[in-house]
Amino acid sequence: FDAVQNEGAGMVARVAAEAGVAHLVHVSAIGADAGSESGYSRSKALGEAAVLEAFPGAVILRPSVIFGAEDEFFNRFAASVRISPILPITAAETRFQPVYVDDVAEAAAKAAMGQAAPGVYELGGPDVMSFRALMAMMLDVIRRKRLIVNLPYFAASLGATFGGIAQTLSLGIIKAPITKTQLLDLQHDNVVAEGAKGLRDLGVEPTPMELILPTYLWRFRP
């Protein structure tokens, strides 16, 4: 996390500034927080600071969970329920504001072409939903009935520990279902902050999930 999202981001910004680049776009994440227990969120915040120190005129984009044809969110859970009668999750009431990948790409393109004022933009779609509600929507799209089970934190933490061990011993062949870092991040809502600049400030109309999910999740239907 630190090497890529903090030091790497700062290095790119310094080199860009030295080369006289006109516009720099840095993709961070909603929830970036230098005081966070999560190494992911902490490194994202430190990366933002490093970028702005070297390139004060940068545009920083903070997307919520990104969805689209190759996402690692809906695809992952949809694949898991093909072989399981239950869908275990944790932090079921944590809220998300998923944003369509094409909207994020359009925002980045506008910023790169100088069509956005410098500053921080938090990118979220038009829908704010709990983790449980998002999973229910996904199940409805793929036309499968599954029991959504909300695991208590200690159980999820135990699963993350054993999953991490299995992933390490298998050299990555077995993927951990969730990591300790992801568990920490799930304890906080992942939504656009009140008063924050967003997609519409960049001239991008947020795309509803209901228009996009069926176009790629259909393959998980019975």
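Our structure is the block above this text.
Residues numbered from 1 in each chain as written. Predicted model: local features only at pLDDT ≥ 70, side-chain atom pairs only at ≥ 80, totals over all residues. Heavy atoms only, no water.

**Q** Before we go on, may I ask you to explain the overall build of the protein in this structure?
**A** Summing up its helical and strand segments, the protein has 8 helices and 9 strands in all. For the protein, the C-alpha radius of gyration of 19 Å lies close to 17 Å, the compact-globule estimate for 222 residues. Taking the principal axes of its C-alpha atoms as reference, the protein extends roughly 55 × 40 × 30 Å. A total of 222 residues make up the protein; the buried ones form 44% of that total. The long-range fraction of contacts in the protein, counting pairs at least 24 apart against all pairs at least 6 apart in sequence, stands at 82%. The centroid of the 19 positive side-chain charges in the protein is displaced by 10 Å from the centroid of its 23 negative side-chain charges. (Helix = DSSP H or I, 4+ residues; strand = E, 2+ residues; numbered from the N terminus. Rg over C-alpha atoms; globule rule 2.2 N^0.38 Å. Buried < 20%, exposed > 50% of the residue type's maximum accessible area, 1.4 Å probe, protein only. Contact = heavy atoms within 4.5 Å. Lys, Arg positive; Asp, Glu negative; His and termini not counted. Charge placed at Lys NZ, Arg CZ, Asp CG, Glu CD.)

**Q** Help me out: how do you make sense of the environment of Gly 10 in this one?
**A** Residue position: Gly 10 is located in helix 1 (residues 2–18). Accessibility expressed as a relative area gives 0% for Gly 10, which makes it buried.

**Q** Please clarify how the pattern of salt bridges should be interpreted in this entry.
**A** Side-chain pairing between opposite charges can occur once the charged atoms of the two side chains come close. Inspection of every chain in the model, using the stated rule, returns 5 salt bridges. Salt bridges linked by common partners bring Glu 48, Arg 62 and Glu 122 together as one network. (Salt bridge = Lys/Arg side-chain N within 4 Å of Asp/Glu carboxyl O.)

**Q** Can you help me understand the packing of aromatic side chains in this one?
**A** One pair of aromatic rings is described through two measures. These are the centre distance and the angle between the planes. As enumerated under the stated definition, the model contains 9 aromatic pairs in all. Ring geometry for Phe 73 and Phe 74: centres 4.9 Å apart, planes at 80°, overall edge-to-face. The two residues Phe 73 and Phe 74 agree in class, both being buried. Ring centres of Phe 73 and Phe 77 lie 5.7 Å apart, and the angle between their planes is 80°; this geometry places the pair in the edge-to-face category. With relative accessibility at 11%, the residue Phe 73 sits in the buried group. Given a relative accessible area of 14%, Phe 77 falls into the buried group. Through successive ring pairs, a cluster of aromatic residues spans Phe 67, Phe 73, Phe 74, Phe 77, Phe 96, Tyr 100 and Phe 131. (Phe/Tyr/Trp six-rings, centres within 6.5 Å; stacked < 30°, edge-to-face > 60°.)

**Q** Looking at this model, I keep getting lost on the pairing of strand 2 (residues 59–63). Mind explaining?
**A** Along a regular strand, successive side chains alternate from one face of the sheet to the other. Among the 5 residues in strand 2, 5 count as buried, and that is most of the element. Relative to strand 2, strand 1 (residues 25–27) runs parallel, the two sharing 3 bridges. Along strand 2, the bridge assignment pairs His 26 with Ile 60. You can see the chain leave strand 1, run along helix 2 (residues 39–54) and come back into strand 2, and the turn it takes is right-handed. Sheet analysis places strand 2 next to strand 7 (residues 119–123), joined by 5 bridges and oriented parallel. Following the sheet pairing, Leu 61 is matched in strand 7 by Tyr 121. (Pairing = 2+ DSSP bridges. Right-handed = clockwise from strand over helix to strand, strands pointing away.)

**Q** I keep staring at a nonpolar patch on the surface and nothing clicks. Help me out?
**A** Together, Leu 158, Phe 162, Ile 165 and Leu 169 give the surface a local cluster of nonpolar side chains, amounting to about 450 Å² of exposed area. For Ile 165, the location among the structural elements is in helix 6 (residues 153–169). (Patch = residues over 30% accessible without salt bridge, like charges linked within 9 Å, V, L, I, M, F, W, Y side chains within 5 Å. Areas by Shrake-Rupley, 256 points an atom, 1.4 Å probe, with all protein chains shown as cover.)

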